Amino acid sequence: RNTAIATCLFFSILFSTNYSLGDTIEFSVAQKATYKELVEKLQKRHYSKFKYDQELASLHVTRYFQKLDPGKLYFNRADLDKFILLQKKRSGKFEDLETSQSIEIFNIFKARVKKRLDGLLQVLSSYISQMDFTRDEYLNTDLEDRNWANNNEILNDHWRKHIKNQVLSLKLTDKSLSDITDLLRKRYERQLTSIEQYNSMDIFGLYTNALTELYDPHTKYMSPRSSENFNINMSLSLEGIGALLMQEEEYTKVQRLISAGPAEKQGELKPSDRIVGVGQDLHGPVDDVIGWRLDDVVQLIRGPKGTTVRLEIIPANIKRK
């Protein structure tokens, strides 16, 4: 993969999210059919011979909650019990189970994330400045061993300890409270951006793998994109530009260059440059990738060996306005 880099200096940028969910998420007919087929094949062909009965369906819901909220910071015990009870009230074949409940659970999770983080961002500075680090208290950092909160009061206290632990960890690196506040603000803002970028493929993958992992930890559902990436990695048919990329706010940022890769050989792309546009070949149109998910940007950059990709960048030494 060759790189041709057009260096663009952006002093005023109109931000847009090219990969939005809209207000609703729905599974396609194909996804629902895939889920039904997946359940049938697991029951008939997996060596464990587990039947997808009421007990396994309840465990499925529990595992899905854990995959969405591994830190047990957004859901409480009542949320989990509610959906397990709904499972127990179902009748008929569980392989015909509607996947709509996974979207309902995700929508609750998304609303909780937005409410919690939006509220926290409004008071973050004063909240951190008032922390008492002389108080002797305990936070269970073993997520598997951590219990779901029984009520909102306990959940709020989990959050207080969670944030305090984050602040204390950063204080031990000699960061000032001002720097810590800025860093955590950016972290929470990234989480808000990330939750808005979930799509039906993401949720379907989480939900189905919450089930497959109950059969054994090495049984996985691969989404079309995951499957494509796996096949590409196995066949070595496509290449990247030789750069490790990361998400930073709305931008795809170059973390480092791979030694002797196309980008390093080309010589213009540098660590901390921000990629804002990607074009194929020497004269193709350039897609604005500000606000895109990282995996979508990577998908656009990757291509057959020897072909050219053009990048529009904001150089690392250009300050954002």
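Residues numbered from 1 in each chain as written. Predicted model: local features only at pLDDT ≥ 70, side-chain atom pairs only at ≥ 80, totals over all residues. Heavy atoms only, no water.

This part covers the overall build of the protein. Scanning the protein from terminus to terminus reveals ten helices and eight strands. Considering the protein as a whole, with its 321 residues, one finds that 42% of them fall into the buried category. Put simply, of all contacts in the protein between residues at least 6 apart along the chain, 73% involve residues at least 24 apart. Element-wise, carbon and sulfur atoms account for 51% of the exposed surface of the protein, whose accessible area totals about 18000 Å². (Helix = DSSP H or I, 4+ residues; strand = E, 2+ residues; numbered from the N terminus. Buried < 20%, exposed > 50% of the residue type's maximum accessible area, 1.4 Å probe, protein only. Contact = heavy atoms within 4.5 Å. Areas by Shrake-Rupley, 256 points an atom, 1.4 Å probe, with all protein chains shown as cover.)

Below, the discussion takes up the packing of helix α3 (residues 77–89) against helix α4 (residues 100–129). What describes two packed helices is the angle between their axes and the distance between those same axes. Contact pair α3 / α4: the axes reach a minimum separation of 12 Å and the direction vectors enclose 170°. As summarised for this structure, α3 and α4 are arranged roughly antiparallel, according to the angle between their axes. Contact with α3, carried on its side by Asp-79, Lys-82, Phe-83 and Gln-87, involves Gln-101, Glu-104, Ile-105, Ile-108 and Arg-112 of α4 and no other residues of that element. (Axes fitted to C-alpha atoms, helices over the stretch in contact; angles between N-to-C directions. Parallel < 35°, antiparallel > 145°, perpendicular 65-115°, else oblique.)

A few words now on the packing of aromatic side chains. Enumeration over the complete set of coordinates arrives at 13 aromatic pairs. Measuring from centroid to centroid gives 5.1 Å for Tyr-64 and Tyr-207, while their planes differ by 85°, and the two rings are edge-to-face. Of this pair, Tyr-64 sits in helix α2 (residues 54–68) while Tyr-207 sits in helix α7 (residues 200–215), and the two are 143 residues apart along the sequence. For the pair formed by Tyr-64 and Tyr-207, the shared burial category is buried. Here a set of aromatic residues connected by ring pairs shows up, and it is made of Phe-65, Tyr-74, Phe-75, Phe-83, Phe-106, Phe-109, Trp-148, Trp-159 and Tyr-198. Sitting above the plane of the Phe-133 ring, Lys-171 keeps its charged end 5.4 Å from the centroid. Just above the ring of Tyr-251 sits the side chain of Arg-274; from NZ or CZ to the centre is 5.4 Å. (Phe/Tyr/Trp six-rings, centres within 6.5 Å; stacked < 30°, edge-to-face > 60°. Lys NZ or Arg CZ within 6 Å of the ring centre and 35° of its normal.)

Turning our eyes to something else, we now look at the packing of helix α5 (residues 152–171) against helix α6 (residues 177–196). Orientation of α5 relative to α6, taken along the N-to-C sense of each, is 130°, at an axis distance of 10 Å. Viewed along their axes, α5 and α6 adopt a mutual orientation that is oblique. Seen along the crossing, α5 lies across α6 with a hand that is right-handed. Between α5 and α6, the contacting residues are Ile-163, Gln-166, Val-167, Leu-170 and Lys-171 on the first element and Leu-177, Ile-180, Leu-183, Leu-184, Arg-187 and Tyr-188 on the second. Of the residues in the contact of α5 with α6, the class split is eight nonpolar, one polar and two charged. (Left-handed = near helix turned anticlockwise from the far one by under 90°. Nonpolar A, V, L, I, M, F, W, Y, C, P; charged D, E, K, R; others polar.)

Despite not being glycine, Asp-174 has its phi angle at roughly 70°, a positive value. Positionally, Asp-174 belongs in the loop between α5 and α6. By relative accessible area, which is 74% here, Asp-174 ends up exposed. In this structure, Asp-281 takes a positive phi of about 65° despite not being glycine. In this fold, Asp-281 is placed in the loop between β5 (274–280) and β6 (286–288).

Throughout the structure, instances matching the rule amount to 15 salt bridges. Residue Asp-79 is joined to Arg-112 by a salt bridge in which the shortest nitrogen-to-oxygen separation is 2.7 Å. Within this pair, whereas Asp-79 is found in helix α3, its partner Arg-112 is found in helix α4, the two being separated by 33 residues in sequence. The class for Asp-79 is buried, based on a relative accessible area of 12%. We note a salt bridge from Asp-202 to Arg-293, for which the minimum N-O separation is 2.5 Å. Here Asp-202, found in helix α7, pairs with Arg-293, found in the loop between β6 and α10 (294–301); they are 91 residues apart in sequence, far enough to count as distant. The burial state of Asp-202 is the same as that of Arg-293; both residues are buried. Members of the salt-bridge network, linked through shared partners, are Arg-135, Glu-137, Asp-157, Arg-160, Lys-161 and Lys-164. (Salt bridge = Lys/Arg side-chain N within 4 Å of Asp/Glu carboxyl O.)

Note on soluble globular proteins: their nonpolar side chains tend to be buried together. Ranked by internal contacts, the top residues of the largest apolar core, which has 49 residues, are Tyr-64 and Leu-211. Residue contributions to this core peak at ten residues, all from α4. With residues up to four places along the chain from it excluded, the contact list for Leu-211 reads Tyr-35, Val-39, Leu-42, Tyr-52, Leu-56 and His-60. Ala-263, Leu-269, Leu-300 and Ile-301 belong to the second largest nonpolar core, which has 17 residues in total. (Core = buried A, V, L, I, M, F, W, Y, C linked by side-chain atoms within 4.5 Å.)

The next thing to look at is the side chain of Arg-146. Positionally, Arg-146 belongs in the loop between α4 and α5. Notably, Arg-146 is buried but unbridged: the nearest opposite-charge side chain belongs to Asp-69, and the N-O separation is 7.5 Å. Looking at Arg-146, its side chain comes within polar contact range of the main-chain oxygen of Gly-71, at 2.8 Å. Every residue in contact with Arg-146, bar those within four places of it in the chain, is listed here: Gly-71, Lys-72, Leu-73, Leu-139, Asn-140 and Thr-141. (Lys, Arg positive; Asp, Glu negative; His and termini not counted. Polar contact = N/O pair within 3.5 Å; in protein donor to acceptor, adjacent residues only side chain to side chain.)

All right, on to a nonpolar patch on the surface then. A surface patch of nonpolar side chains, amounting to about 280 Å² of accessible area, comprises Phe-133, Leu-168 and Leu-172. For Leu-172, the location among the structural elements is in the loop between α5 and α6. (Patch = residues over 30% accessible without salt bridge, like charges linked within 9 Å, V, L, I, M, F, W, Y side chains within 5 Å.)

Without other data, these values stay purely geometric and don't point to any function.
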